[in-house]
Amino acid sequence: MKRILAPLAVVFAALLWSFDGLLRQELYHISSFVIVALEHSIGALIFLPLLFKSIPKIKKLGQRGWISIFWVSICGGILGTYFYTKALSFVNYIDLSVVVLIQKLQPLFAISLAGVILKEKLSKRFMFLAIIAMFGGYLVTFGNKPFGNWDDKSTIASLCALLASFCWGSSTVLGKHALKQLTFEVVTGMRLFITAIISLIIIAYSGSFSDVLNLRPENYTTIIIIVFSTGTIALSIYYYGLQNLAASHTTIYELAWPLSAVFIDWTLKGKTLSLVQIVGALILLCSMGMLTRENQSE
């Protein structure tokens, strides 16, 4: 049963993340670190009772396990979210789909690191399907208009999205390592708690606490919506899937993100899919379906 639920969990988390960009764009005028601090602090409070109950298990965590947790918390929780939010702050200079696609290059980092760090065996069939899936994701997002005319701010936004891609790709691999020792609920809670503490220290040191007090009620509402949808909830669902899947496979299922992001643009903003994008969507769906069967056979 888990072989079916795990891929579905990752895909569902990816679908939730598709709405994340739309929500964060409403916060483009707020410091990215402030958003990260508030988002993860609220999420940490939700998981705090579970962490207290899991202290005996956490005490047994080895050195490599702690390194993995801190890597996921800092790179995935702080830096990845910061760079992604920063890229979205250039909403007037770069299209949302470009940010999403560049960030989704993370399979290139995750698959490579999974082979090196986790010693996951990558069959030739899997590598072929992975390349096809990423190509489909490229077509879905860009269609037949790859980049267009970019200025300096578009370049900065793209680099931020690429850095987020590395941070989240490496966090998938190290997160898988942590999940070998702890349950997905505990890993989620520890990541949220450590990320919240570090990000609060950062905004305190930078003197950004005044920004928190100056937020409007609708800003807090948006952040709370993020926590209970595309943030904490999606992260917990994602870690459940990652716990029962190979890291290299998990990162491919996440390619549902660009597909659903384009669909949201189509339904909410009236941007219709081009023929090339439809072809890319079919390629992406077919390759992900074949990857599911590949995972089940393994």
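See the structure above.
Residues numbered from 1 in each chain as written. Predicted model: local features only at pLDDT ≥ 70, side-chain atom pairs only at ≥ 80, totals over all residues. Heavy atoms only, no water.

### What about the overall build of the protein chain?
Right, so step 1: Counting its regular elements, the protein chain contains 15 helices and 0 strands.
Right, so step 2: Summarising the internal contacts of the protein chain: among those between residues at least 6 apart in sequence, 90% fall at separations of at least 24.
Right, so step 3: Total accessible area computed for the protein chain in this model is approximately 13700 Å², and 69% of it derives from carbon and sulfur atoms. (Helix = DSSP H or I, 4+ residues; strand = E, 2+ residues; numbered from the N terminus. Contact = heavy atoms within 4.5 Å. Areas by Shrake-Rupley, 256 points an atom, 1.4 Å probe, with all protein chains shown as cover.)

### Comments concerning the environment of Leu245
Right, so step 1: Tracing the sequence through the fold places Leu245 in the loop between α12 (232-243) and α13 (247-253).
Right, so step 2: With 242 residues separating them along the chain, Leu245 and Arg3 place their C-alpha atoms 7.9 Å apart.

### Observations concerning a nonpolar patch on the surface
Right, so step 1: Side chains of Ile46, Ile224, Phe228 and Ile233 sit close together on the surface and give an oily, nonpolar patch of about 340 Å² of accessible area.
Right, so step 2: Examined against the element boundaries, Ile46 turns out to sit in helix α2 (residues 32-53). (Patch = residues over 30% accessible without salt bridge, like charges linked within 9 Å, V, L, I, M, F, W, Y side chains within 5 Å. Salt bridge = Lys/Arg side-chain N within 4 Å of Asp/Glu carboxyl O.)

### Let's talk about the layout of surface pockets
Right, so step 1: By volume, the second largest pocket amounts to about 180 Å³.
Right, so step 2: Lining the second largest pocket are Leu48, Leu51, Phe52, Ile55, Ile58, Trp66, Met190, Phe193 and Ile194.
Right, so step 3: At the level of secondary structure, the elements contributing two or more residues to the lining of the second largest pocket comprise α2, α3 (55-59) and α9 (184-205).
Right, so step 4: Broken down by class, the residue content of the lining of the second largest pocket amounts to 9 nonpolar, no polar and no charged. (1 Å grid on protein atoms, 1.4 Å probe; cavity = no way out; pocket = protein on both sides within 12 Å on 5 of 7 lines; lining within 4 Å. Points joined across faces, edges and corners; volume = space filled by probe spheres on them. Nonpolar A, V, L, I, M, F, W, Y, C, P; charged D, E, K, R; others polar.)

### Regarding the nonpolar core
Right, so step 1: Membership of the largest hydrophobic core comes to 52 residues, with the highest contact counts inside it found for Ile69, Val187, Met190, Tyr238, Tyr239 and Trp257.
Right, so step 2: Counting residues per element, this core draws most heavily on helix α8 (residues 152-179), which supplies 9 residues.
Right, so step 3: If sequence neighbours within four positions are ignored, Tyr238 has contacts with Val10, Ala13, Trp17, Thr172, Thr250 and Glu254.
Right, so step 4: Within the second largest apolar cluster, 12 residues are counted, among which are Val34, Ala37, Leu215 and Ile223. (Core = buried A, V, L, I, M, F, W, Y, C linked by side-chain atoms within 4.5 Å. Buried < 20%, exposed > 50% of the residue type's maximum accessible area, 1.4 Å probe, protein only.)

### A few points about the side chain of Thr230
Right, so step 1: Looking at the secondary structure, you find Thr230 in the loop between α11 (217-227) and α12.
Right, so step 2: A residue is classified by how much of its surface remains accessible, and Thr230, at 4% relative accessible area, is buried.
Right, so step 3: There is a polar contact of 2.6 Å between the side chain of Thr230 and the side chain of Asp20.
Right, so step 4: Apart from the residues lying within four places of it in its own chain, the contact partners of Thr230 are Leu16, Trp17, Phe19, Asp20, Leu23 and Ile225. (Polar contact = N/O pair within 3.5 Å; in protein donor to acceptor, adjacent residues only side chain to side chain.)

### Brief notes about the environment of Thr183
Right, so step 1: Note that Thr183 resides in the loop between α8 and α9.
Right, so step 2: Overall, the relative accessible area of 29% leaves Thr183 in the partly exposed class.
Right, so step 3: Counting along the chain gives 129 residues from Thr183 to Ser54, while the straight-line C-alpha distance between them is 9.7 Å.

### Focus on the packing of aromatic side chains
The geometry of an aromatic ring pair is captured by two quantities: the separation of the ring centres and the angle between the planes.
Right, so step 1: Inspection of the entire model under this criterion finds 7 aromatic pairs.
Right, so step 2: Residues Trp66 and Phe70 carry aromatic rings whose centres are separated by 6.1 Å and whose planes lie at 40° to one another, so their mutual orientation is tilted. With Trp66 and Phe70 both in helix α4 (residues 63-88) and 4 residues apart, the pair spans about one turn of that helix.
Right, so step 3: Residue classification places Trp66 among the partly exposed residues on the basis of a relative accessible area of 31%.
Right, so step 4: Seen in terms of ring centroids, Tyr238 and Tyr239 are 5.7 Å apart; in terms of plane orientation they differ by 55°. Their pairing is tilted. (Phe/Tyr/Trp six-rings, centres within 6.5 Å; stacked < 30°, edge-to-face > 60°.)

### Quick look at the pattern of salt bridges
When the charged atoms of two side chains with opposite charge come close together, those side chains can pair.
Right, so step 1: Inspection of every chain in the model, using the stated rule, returns 3 salt bridges.
Right, so step 2: Here Glu39 and Arg24 are joined by a salt bridge, their closest N and O atoms 2.9 Å apart. One end of the pair, Glu39, is in helix α2; the other, Arg24, is in helix α1 (residues 2-25), with 15 residues separating them in the sequence. Just as Glu39 is buried, Arg24 falls in that class too.
Right, so step 3: The residue Glu218 makes a salt bridge to Arg216 at a minimum N-O spacing of 2.8 Å.
Right, so step 4: Relative accessible area serves as the criterion here: at 41%, Arg216 is assigned to the partly exposed category.

### Examining the packing of α2 against α9
Right, so step 1: The geometry of α2 relative to α9 is characterised by a closest axis approach of 7 Å and an angle of 140° between their N-to-C directions. Relative to α9, α2 is oriented oblique. The two elements α2 and α9 meet at a crossing, and its hand is left-handed.
Right, so step 2: Looking at the contact of α2 with α9, its residues break down into 17 nonpolar, 7 polar and 1 charged. (Axes fitted to C-alpha atoms, helices over the stretch in contact; angles between N-to-C directions. Parallel < 35°, antiparallel > 145°, perpendicular 65-115°, else oblique. Left-handed = near helix turned anticlockwise from the far one by under 90°.)

The values are spatial; any link to function lies outside them.
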